[in-house]
Amino acid sequence: MVVQDMPHGTLPLLYTFHFYLFGIIAIVSALLFVTRKSPVAAALWLVNTMFSLAALYVMLDAQFIGVIQVLVYAGAIMVVFLFVIMLLNLGQGVVGDARGLGWKLIAGAVGVALLAQIFALTRSRTPVNLTLPAGYTAQQVERTGAITPIAGPLFNEYLLAFEVTSVLLLAAIVGAVVLGKQRGEGDAG
Amino acid sequence: MLAEALFFSAVLFAIGVVGVLTRRNAIIVFMCVELMLNAVNLTFVAFAQSYGAAGQVFVFFVMTVAAAEAAVGLAIIIALFRHRQTVDLQNINLLKG
Amino acid sequence: MIPLLQAAATAGTHPLTGTIAEWVWLVPLLPLLGFVINGALSLASVFHAGPGDPALAHGEAHGVDDGGHGHAAAHDDDAHGATGDDHHPVVRHRFAGVASIVGPGVLILSFLLAAAIFLAMRGAGEMTAPFIQRYFSWMPVGDMHIDAAFQLDQLSMMMTLVVTGVGMLIHLFSVGYMQDDPGYPRFFAYLNLFVFFMLVLVLAGNYPLLFIGWEGVGVCSYLLIGFWFSDKVNSDAGKKAFIVNRIGDVGFLIAMFMMFANMHALDFTGVREGAASLPFGGIVVTTICLFLFLGCAGKSAQIPLYTWLPDAMAGPTPVSALIHAATMVTAGVYLIARTNVLFSMAPVAQLVVVIIGALTAIFAASIGLKQWDIKKVLAYSTVSQLGYMFIGVGSGAYVSGLFHLVTHAFFKALLFLGSGSVIFAMHRAYHHTDNHDDAQDMRNMGGLKQYMPVTFWLMWIATLAIAGIPPFAGFFSKDEILGGLFARAQHSTIASASLFGIPGSGWLYFAYLLGLVAAFMTATYMTRMMIYTFHGPNRTGEKERGHLAEAPWIMTGPLVVLGILSAIGGWLNLPEFAPLGRVGALEHWLDPVVGESTARVMAGAGETSASLEYTLVGVAILIAVGGIALAWTRLKPESLVPKREAAPEEGFEKVLVNKYYVDEIYDKTIVEPVVGVSRGLLWRGIDAGLIDGVGVNGSAYLARFVGWIGSQFQSGQLGTYAWVLVAGVLAVLGAFSIR
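A short tour of the structure in this document, coming up. (Residues numbered from 1 in each chain as written. Chains lettered and ligands numbered in written order. Predicted model: local features only at pLDDT ≥ 70, side-chain atom pairs only at ≥ 80, totals over all residues. Heavy atoms only, no water.)

1. Regarding the overall build of chain C
The secondary structure content of chain C amounts to 29 helices and four strands. A burial count over chain C gives 58% of its 739 residues as buried. Considering only contacts in chain C between residues 6 or more positions apart, those separated by 24 or more positions represent 82%. When the accessible area of chain C is evaluated, it comes to approximately 28,200 Å², of which 69% is carbon and sulfur surface. (Helix = DSSP H or I, 4+ residues; strand = E, 2+ residues; numbered from the N terminus. Buried < 20%, exposed > 50% of the residue type's maximum accessible area, 1.4 Å probe, protein only. Contact = heavy atoms within 4.5 Å. Areas by Shrake-Rupley, 256 points an atom, 1.4 Å probe, with all protein chains shown as cover.)

This is how it looks when you write it as structure tokens:
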């Protein structure tokens, strides 16, 4: 979404409309996700949230992350979740999965309190002097492509962390295999 | 759009928290955690637009960790289900010494 | 004076520089070396004690004497023991030979070195400033600089000679006296350590270092009183000595604090200079002196802190002779003489010292009249004589007090060693026949002169010396104290002062009177002791009589030397009316240290007239002779019965035998309330209730309660954990957002 022509604060109405639209979709989907009894339905609503988030990422000039979001989260992780749900045959909503009404009310109050605190903090603690000029990221994407802005730091400043991530993934794979293996099978063979 | 993105992010995070607090199905709780991670990712991306692309790198890492976590976590849930025939957290108290 | 002292501080100008006096550090170091060697021997024998080790077979309690009552108990234990063999074969300690050479050897070397230094000082001519050797900086704190420094002047030289000389003789005596003791090297280790600390005390160049020696001798005194510690009586006596001394030490410490606060110095020369800026007779200097005297009263057994010294006789007799008669207990006298500048500026404090000294002298002497234990008689005699010394130094007649200190060291060491010799013989005799009677009770002695003639004659010399019969040592020193007191009562700064509204001269005349009465009593109780011990019929027992014998030469040898010193010790400081040699040698010798202060106290008074002086001397001799005559004519050793058959005393005699019940009064008024408060309030209330209950157990209960609350959270329920986690997040974020 190229907005470099526009000075900050005067984004096109269409852009703003879409931003709000996807945001609201994400929130509504999330609400539906937590309230569904059936895990399958819940998972699908979560996928919906993630798609919306991907759209928001793209609109925030993070096209690469948006793609990854669709591929990894919506595409891979959530599919694994669905697989597991089906594998364990949990498709039907378990009666009484959610806690009692009292707990729900308290949880809602906690959620509101948390929200209020986060708002209070975001209002007071957003640094202004570090802010890049409006449209800088978009211009960078225009100039170098969507991958380069993230690839640069990833393979320079954060190279070690990036490599360690591969070790983390390897460990996760090994761990998942070990945990998922049937007990006794390993002993037998 | 920073303020709006942060607002959405906060709401999504709070929904995730409420989900963790109210649901007992281990898989749904897990998914709520994923939702919270996504909310944080949105914050990162929003800030990355205003403060530099390093924030996106963090999103990348968060996704990696989330993937690893999903793999291990779901494997644990499967192993747990094999033992207990349930994923209801109320029936699982192995953490009690 | 002050410019001279400053001159001495700059190195290289002192006449003693480059002489043997620079080796003064070796004088105390030699006994320390002996302590290390003997201590190592003692430890080695403990660690390698095999089945045949006598220490294991008989226990530590089997000494030559152990303070009376405890001994019989020890024997009873043995008699009822599994072995049933009460007649122990005498086995010497395996390292006794080495210890016999090292123990007295270091003292002999030390004495020879001290004597060489003394000769060097004589050769150096007039020495007006002390010879100060600084070894290292000990406590540089802020503007307080305390060096580990030795100060060699006429006073410390005199004390060093007494300590090493008398110490050497007593060490030699101990070789014989302690020969069969299982703790033989340990005894010499303690004794050497004591001499080390005593030398540190007298050679120290400042008050803190003196205090180190002061406390060190206290420790050694404690160790040696409780030498036969397996008897509770002995270890209790050691504890009593230690604790009573601590009361005095608090006074010493406060005095040091005040000195530093007011004079910014703790070394002797610094205090001397600093004293000049204080007002004469002011409250500060008087308080300092009174607190110092509290320390002296503890160490030198003056009223009200004297009660530990008679109990200290529980230690071996050489210890009583060295520590509790000749050296350590005179440390208080030395301290006052060392602080003469301050005391001469505080007439009220001097009055207190004189009065306390005089009261102690007569009080202890009266108790000594009715004691049956030979060592207890000598113990009260020591307390009484220390009172005389305090009269001397207290009245500003420092030389006379120190003179009496020296002569007393001679004759009292002789008396104690003589009594040790007697006890040694008695014990051997009883040992031969397995008799468990008290070897120290005079009612069990009598007629010993035919069995131990050397001891008998030497003890009589010492008795005449302490009684004040010319020309023996005690006559000159005691007469000088009383004469000096009389002169000061007539005219001095002390006589001009007043205490409790009574003029100082009145107090001094009163003290003089007390001193005379005490002198009379001294003559009486000493004669009584001699009569009951050596004269009359023997009451030891038919079987034992044959085993009574004179001690070996290693014990009688030192006795002879001390006897000679007791006889001629007076020549150290002959008075003008008896010019038998050089007059006032000691006075002349000590003049650089105490002369100025003495002159200050005398305040320009002239010489006492010759007729008055002769009258005073005549009175003193008359009183001494009278005391002896009274005892000689009134006491009937023939009618005395052994201890086991003796009837209990009645009336005032009972009060005297029980030492005026002072120990009982202290028990009731101080010990029991303190123990009661300690037990009831401090222990049960504060310690058990508050500290243990609320503090220790309470905090444990609190921790357990908090832990219980924490454990309630650990339900194993993931949901609960999530709730707690969120609550924590809310709290943290709340803290941030509120800020």
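2. A look at the packing of helix 19 (residues 453-467) of chain C against helix 24 (residues 553-568) of chain C
All names here are of chain C. Between helix 19 and helix 24, the least distance of the axes is 9 Å, while the angle of their chain directions is 30°. For the element pair helix 19 / helix 24, the angle class is roughly parallel. Crossing geometry of helix 19 relative to helix 24 is assigned as left-handed. Across the interface between the two elements, V454, T455, L458, I461 and A465 from helix 19 touch T556, L559, V560, G563, S566 and A567 from helix 24. (Axes fitted to C-alpha atoms, helices over the stretch in contact; angles between N-to-C directions. Parallel < 35°, antiparallel > 145°, perpendicular 65-115°, else oblique. Left-handed = near helix turned anticlockwise from the far one by under 90°.)

3. As for the packing of aromatic side chains
Inspection of every chain in the model, using the stated rule, returns 40 aromatic pairs over all chains. With 5.2 Å between their ring centres and 50° between their planes, Y222 of chain C and F242 of chain C make a pair best called tilted. One end of the pair, Y222 of chain C, is in helix 8 (residues 207-225); the other, F242 of chain C, is in helix 9 (residues 232-263), and 20 residues separate them in sequence. Put simply, the rings of Y15, F19, Y20 and F119 of chain A together with F7 and F8 of chain B touch in pairs and so form one group of aromatic residues. Over the ring of F242 of chain C we find R246 of chain C, and its NZ or CZ is 4.2 Å from the ring centre. When the ring centre of W372 of chain C is taken as origin, the NZ or CZ atom of R528 of chain C, which lies over that ring, is 4.7 Å away. (Phe/Tyr/Trp six-rings, centres within 6.5 Å; stacked < 30°, edge-to-face > 60°. Lys NZ or Arg CZ within 6 Å of the ring centre and 35° of its normal.)

4. So, the interface of chain B and chain C
Contacts between the two partners involve eleven residues from chain B, matched on the other side by nine residues from chain C. Carbon and sulfur atoms supply 65% of the area that chain B and chain C bury against each other, a total of about 870 Å² over both sides. Taken together, chain B and chain C are joined by zero salt bridges. Broken down by class, the residue content of the side of chain B that touches chain C amounts to seven nonpolar, three polar and one charged. (Buried area = accessible area lost by both parts, 1.4 Å probe. Salt bridge = Lys/Arg side-chain N within 4 Å of Asp/Glu carboxyl O. Nonpolar A, V, L, I, M, F, W, Y, C, P; charged D, E, K, R; others polar.)

5. Thoughts on the interface of chain A and chain B
In many reports, interface size means the accessible area that the parts give up when they come together. On the chain B side, the residues contacting the 82 residues of chain A number 68 residues. Carbon and sulfur atoms supply 78% of the area buried between chain A and chain B, which totals about 6,500 Å² over both sides. Our count for the chain A to chain B interface comes out at zero salt bridges. Remark: the boundary between chain A and chain B carries nine residue pairs in polar contact (both at pLDDT 80 or more). Of all the elements in the fold, those that place two or more residues in the side of chain A that touches chain B are helix 1 (13-35), helix 2 (39-59), helix 3 (63-87), helix 4 (101-124), helix 6 (148-155) and helix 7 (159-180) of chain A. The dominant element in the side of chain A that touches chain B, judged by the number of residues it contributes, is helix 1 of chain A, at 13 residues. Looking at the side of chain A that touches chain B, its residues break down into 59 nonpolar, 15 polar and eight charged. (Polar contact = N/O pair within 3.5 Å; in protein donor to acceptor, adjacent residues only side chain to side chain.)

6. Comments concerning the pairing of strand 2 (residues 144-152) of chain C
Residue and element names in this part refer to chain C. Burial of strand 2 is extensive: eight of the nine residues sit out of reach of the surface. Bridge count between strand 1 (residues 131-141) and strand 2: nine bridges; the pairing is antiparallel. Counterpart to R134 in the pairing with strand 2 is A149. The turn linking strand 1 back onto strand 2 is made up of two residues, and G142 within it adopts a positive phi angle of 60°. (Pairing = 2+ DSSP bridges.)

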